[in-house]
Amino acid sequence: MSQEEQEEQVVKNETAAPVAKEEEEPLEAEAATATANANDDGDDDDVDEDPPTTVLILLGDGIHFEHSGEKNVMSLKILSKSDLESSLQTARKVIEKQHPETMLEAVHVIITASSIPIIFDAKVVSTFVFALKEDGDFTFHILRNGQDKPPVEPADVDEIRYALVGEDGLDLTEEALVGDGDWTVTAKRNEWDLEEDEAEA
């Protein structure tokens with residue numbers, strides 16, 4: 001199975017939102033929409049009629065998708081670490097506008113194993129946890145680096161695992177080797193942290 005087929009299968013299985021389409025530049029329109037909404041200085045009551053309930057983040061180069069058009073899926077494509085912080089801040093502003101009326105049900109991050117030391121940062125996790133509902137999933141899909149490359153090893157995922165374990169409000173619940181050598185790591189939002197947030201509010 002080619003890397004493009006692996007990427008398409010991951011998204012179909014987990015989000016059923018975007019669809020692979022190599023010939024078009026993916027996610028540019030979605031990113032522009034997110035930026036425009038986040039930078040809107042209009043009235044605070046101007047809340048999106050279709051607020052996002054799922055966030056899909058493509059980290060690093062070599063992962064190509066076109067958004068399917070589902071309005072409740074926010075898609076981000078971040079190609080370099082220099083763009084990471086500004087892209088995450090923009091996305092957070094969009095989510096804050098509709099929180100807590102609408103909570104996130106899931107966050108999915110897709111990244112190749114070779115991109116982890118290049119672009120990953122724990123801010124990818126901390127940016128979205130505040131809006132994740134109780135038992136909401138935060139899942140990383142780590143793709144092997146190519147069809148002819150070895151499967152992803154547990155040690156390849158250490159930095160991501162530490163970020164999930166170290167984030168207050170998340171409990172690591174599942175890790176698994178999937179498909180032809182990819183790896184998934186999932187954490188869930190726990191109830192006690194949500195109760196603390198409500199008490200502080």
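Undergrad: Is there a simple way to think about the pairing of strand β5 (residues 170–178) in this case?
TA: If a strand is regular, its side chains alternate between the two faces of the sheet. Sheet topology note: the β5/strand β6 (residues 182–189) ladder contains eight bridges and is antiparallel. Bridge pairing in β6 places Ala-176 opposite Thr-184. Here β5 folds back onto β6, and the loop between the two strands holds three residues, one of which, Gly-179, carries a positive phi near 60 degrees.

Undergrad: What should I look at first to understand the sheet that holds strand β3 (residues 104–112) in this one?
TA: Think of a sheet as strands paired side by side through backbone hydrogen bonds, with each pair either parallel or antiparallel. Pairing in this open sheet of six strands is mixed, and the strands run β2-β1-β3-β4-β6-β5 from one edge to the other. Here the strands that pair on one side only, and so sit at the sheet edges, are β2 (73–78) and β5. Each strand axis lies, on average, 15 degrees off the axis of its neighbour in the sheet, ignoring direction. Judged from the six bridges that link them, strand β1 (residues 54–59) and β3 form a sheet pairing that is parallel.

Undergrad: Looking at this structure, how should I read helix α6 (residues 158–165)?
TA: Side chains of residues three or four places apart in an α-helix project in the same direction, reflecting 3.6 residues per turn. Turning to α6, its buried residues are Ile-160, Arg-161, Ala-163 and Leu-164. Buried residues in α6, looked at end-on, bunch into an arc of 160 degrees, giving them a common side. Opposite its buried face, α6 presents the exposed residues Tyr-162 and Val-165, each directed more than 90 degrees away. Tucked into the core, α6 has its buried residues touching β3, α4 (116–119), α5 (123–129), β4 (132–143), β5 and β6.

Undergrad: How should the packing of aromatic side chains be read in this particular structure?
TA: Each aromatic ring pair is summarised here by two numbers: the centre-to-centre distance and the angle between the ring planes. Counted according to the given criterion, the structure contains two aromatic pairs. For the pair Phe-120 and Phe-140, a centre-to-centre distance of 5.7 Å together with 75 degrees between the ring planes defines the contact as edge-to-face. Taken together, the residues Phe-120 in the loop between α4 and α5 and Phe-140 in strand β4 connect sequence positions 20 residues apart. Between Phe-138 and Phe-140 the ring centres are 5.7 Å apart and the planes differ by 20 degrees, which places this aromatic pair in the stacked class. Phe-140 shares its class with Phe-138; the two are buried. Among the aromatic residues, those joined into a cluster by ring pairs are Phe-120, Phe-138 and Phe-140. Positioned over the ring face of Phe-130 is Arg-92, at 4.1 Å from the centre of the ring.

Undergrad: Where do I start with helix α3 (residues 84–96) in this structure?
TA: Counted at 1.5 Å a residue, the expected span for α3 with its 13 residues is 18 Å, and the 18 Å between its end C-alpha atoms agrees. Residues of α3 that are buried include every one of Leu-84, Leu-88, Thr-90, Ala-91, Val-94 and Ile-95, and no others. Looking down the long axis of α3, one finds its buried residues gathered within 160 degrees of arc, a one-sided arrangement.

Conventions used here
Along every chain, residues carry numbers that run from 1 in the direction the sequence is written. With pLDDT at 70 or above as the cut-off, local features in this predicted model cover only qualifying residues; side-chain atom pairs require 80 or more to be listed or tallied, and sums for whole chains, interfaces and linings still use all residues. The side-chain quantities take in all heavy atoms of the structure and omit both hydrogens and water. Between any two strands, at least two bridges found by DSSP are needed for them to pair. Put simply, DSSP H or I for four residues or longer makes a helix, DSSP E for two residues or longer makes a strand, and each gets a number counted from the N terminus. Fitted lines through C-alpha atoms serve as axes, helices being fitted only where they are in contact, and the angles separating the N-to-C directions of these axes extend from 0 to 180 degrees. Here's how the labels work: a residue is buried when its accessible area is under 20% of the maximum for its type, exposed when over 50%, partly exposed in between, all with a 1.4 Å probe on protein chains only. Note that the arc is computed from the directions linking the helix axis to the C-beta atoms. Whether two residues are in contact is decided by their heavy atoms: any pair within 4.5 Å suffices. Whether two aromatic rings pair depends on their centres lying within 6.5 Å, for rings of Phe, Tyr and Trp, where Trp uses its six-membered ring; planes under 30 degrees apart make the pair stacked, over 60 edge-to-face, and the rest tilted. Placement of a charge over a ring requires the Lys NZ or Arg CZ to be within 6 Å of the ring centre, with the centre-to-atom vector within 35 degrees of the ring normal. To estimate how far a helix should reach, multiply one less than its number of residues by 1.5 Å.

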